[in-house]
Amino acid sequence: MSKKKLAIIGNGMGTCRLLDELVARGAPFSYEISVFGEEQGGAYNRIQLGKVLGGAAPDAIVTKPPEWYDRHNIRLIDRTRVTRLDTLRKQIETGDGQQRAYDVAVLATGSQPIVPSLEGMNDEHGELKPGIFVYRTIGDCLRMRERARAGDSAIVVGGGLLGLEAAKVLSDRGLHVTVVQLQKTLMNAQLDELGGEMLARQIERTGIFVRTGRTVEAVYAEESVKGVYLDDGSTRPADMVVLACGVRPRVDLAKVSGIPVNRGIVVNDALATEVPGVYAFGECAEHAGKTYGIVAPVWEQAAVLADVLTGQTPGQRYRGSKLYTRLKVAGIEVASMGTIEPEREGDEVLQIVEERRHSYRKLVMRDGRLVGAILVGNTAAAATLVQHFDRGDLMPQDPLELLCQSAAPANSGARLVCNCNKVSEAELCDAIERGCDSVEALGAATKAGTGCGSCKSELGQLLARGPKKLSLPLVAAS
Ligand SMILES: Cc1cc2nc3c(=O)[nH]c(=O)nc-3n(C[C@H](O)[C@H](O)[C@H](O)COP(=O)(O)OP(=O)(O)OC[C@H]3O[C@@H](n4cnc5c(N)ncnc54)[C@H](O)[C@@H]3O)c2cc1C
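Residues numbered from 1 in each chain as written. Predicted model: local features only at pLDDT ≥ 70, side-chain atom pairs only at ≥ 80, totals over all residues. Heavy atoms only, no water.

1. Here's the deal with the overall build of the protein chain
- Of the regular secondary structure elements, the protein chain holds 13 helices and 27 strands.
- Relative to the globule expectation of 23 Å for 478 residues, the C-alpha radius of gyration of the protein chain, 23 Å, shows essentially globular dimensions.
- For the protein chain, with 478 residues in total, the buried portion stands at 53%.
- Put simply, 61% of the contacts in the protein chain that link residues at least 6 apart link residues at least 24 apart.
- A total accessible area of about 21600 Å² is found for the protein chain, and carbon and sulfur atoms account for 48% of it.
- Averaging the coordinates of the 57 positive side-chain charges in the protein chain and doing the same for the 59 negative ones gives two points 3 Å apart. (Helix = DSSP H or I, 4+ residues; strand = E, 2+ residues; numbered from the N terminus. Rg over C-alpha atoms; globule rule 2.2 N^0.38 Å. Buried < 20%, exposed > 50% of the residue type's maximum accessible area, 1.4 Å probe, protein only. Contact = heavy atoms within 4.5 Å. Areas by Shrake-Rupley, 256 points an atom, 1.4 Å probe, with all protein chains shown as cover. Lys, Arg positive; Asp, Glu negative; His and termini not counted. Charge placed at Lys NZ, Arg CZ, Asp CG, Glu CD.)

What follows is the structure in structure tokens.
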């Protein structure tokens, strides 16, 4: 029997994981798999882009070099944009005018940066003038890197995760950096006002200037950017401007192909679009009215889609993901999960503010269970809190016990250490007992630490504790 043709469009972090999941299920024996990627080369860890902006070679973040595809009999068609799917004839049309047949297509086109319309920022072709950048790809980082010289000044528009990360890397390269954030506080999607203010204070201590409640109205540029006009009438010189104003799902391809789109490409629990033979997942997809902007849900979807496409676990379905973010923002530990403010009458809030230690911790509880938490500066309790949040466990009589713990409790084997890959402490202990003796070895064995990497220090601590103390039960008492 001839193999079916599976075309995956987009070669980002979602596809990278989907390919692993497909290979693990033997899909290359039943499918002829092609991956179309607009960017050059194999898939890379987009979360680590800061390394490339900071000076590392692009290869340092590549997770699948082209040989990997060859080795697994997968065709990588890079530097190729898919422009349309003819879903009736089952043909893929690419930017170079070619057409290729498919039986099953997966859209994994990710997100694109939101570019605000600022006076003076475009040239006569509608392109961003030299010195103005977005931050999404290796190409963006290489261009920024070429421009950024120590002693220059940069304005970063947007005080969310990406903007703060870009600000930190540019500041570390010796630039004078100002972050301009329209909202009253930083990272307003993940932090409440107090948390955002604490973060801003700490970020300013690193030498970055933060202006909140302000925005850039226009750009002053000659051949290239020279400065910006803020909405309070003031001006600031700038040798570069980084636009980090959020992302939106990339749905252009789906739209021209007649595949139903809302905010993202609409999919059901099997990650199927309404058009037979076309699936979508990752940041481009909208499931149950939700789109996601971090990698953990994308990887959960990849596993379900691989089950669906290979028929290995019939009936496997994606039911949505609980959002949890743990990050190092400009060097400062931050964790956030669920709701950040009480929403219903009876919701209980517990807050600890330690001004001198630059730490802020907050819990939101409903009916004795955790529905949200914010940790800035001290994330020691993060993994235990996420376990309660994820499983809906009852909180202890005195929730302060959880919030104030400086290390994981003894019987915490089920505690998630790597949230991106959902790897528990017990699995890591097991891997260490089987001989994994470095963070890299743990990553290879369990995938822990291969997403955002914020758990790597904890992996190091587990390794330092040694195997003997680590024989913990797989399921913790709750
Ligand atoms: C700087 C930065 C830092 C981040 N930090 C974190 C973090 O700390 N933690 C976290 O969880 N997440 C983080 N993220 C988000 C994370 O990178 C995304 O959740 C993840 O990459 C989404 O995977 P995806 O496959 O859906 O999309 P992407 O990785 O964006 O991949 C989509 C790919 O499809 C390609 N494509 C699109 N349209 C076409 C087409 N028509 N034809 C061919 N190719 C096409 C694109 O060029 C792109 O390569 C960060 C993102 C950035 C940019």
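That was the structure; now back to the text.
2. A few points about the site of the ligand
- The ligand sits among 32 residues. The nearest are G14, E39, R46, R136 and E283.
- Here R136 contributes a side-chain N or O atom positioned 2.7 Å from an oxygen atom of the ligand.
- Protein chains shield 96% of the accessible area of the ligand, which is 1000 Å² for the free molecule.
- Secondary structure elements with two or more residues in the shell around the ligand: α1 (13-24) and α5 (161-172).
- The dominant element in the shell around the ligand, judged by the number of residues it contributes, is α5, at three residues.
- Per-class residue counts for the shell around the ligand are 14 nonpolar, 10 polar and eight charged. (Near = heavy atom within 4 Å. Polar contact = N/O pair within 3.5 Å; in protein donor to acceptor, adjacent residues only side chain to side chain. Nonpolar A, V, L, I, M, F, W, Y, C, P; charged D, E, K, R; others polar.)

3. Considering the sheet that holds strand β10 (residues 153-157)
- Sheet architecture is open: five strands sit in the order β9-β16-β10-β11-β12, paired in parallel fashion. Because the sheet does not close on itself, it has two edges, and the strands there are β9 (132-134) and β12 (209-212). Across the sheet, the axes of successive neighbouring strands diverge by a mean angle of 20 degrees, strand direction being ignored.
- In this structure, β10 lies alongside strand β16 (residues 240-243), joined through four bridges in parallel fashion. Paired with I155 across the strands is V241, a residue of β16. (Pairing = 2+ DSSP bridges. Axes fitted to C-alpha atoms, helices over the stretch in contact; angles between N-to-C directions.)

4. A closer look at the side chain of R100
- Positionally, R100 belongs in strand β6 (residues 99-101).
- Buried R100, no salt bridge; nearest opposite-charge side chain is D96, N-O distance 5.1 Å. (Salt bridge = Lys/Arg side-chain N within 4 Å of Asp/Glu carboxyl O.)

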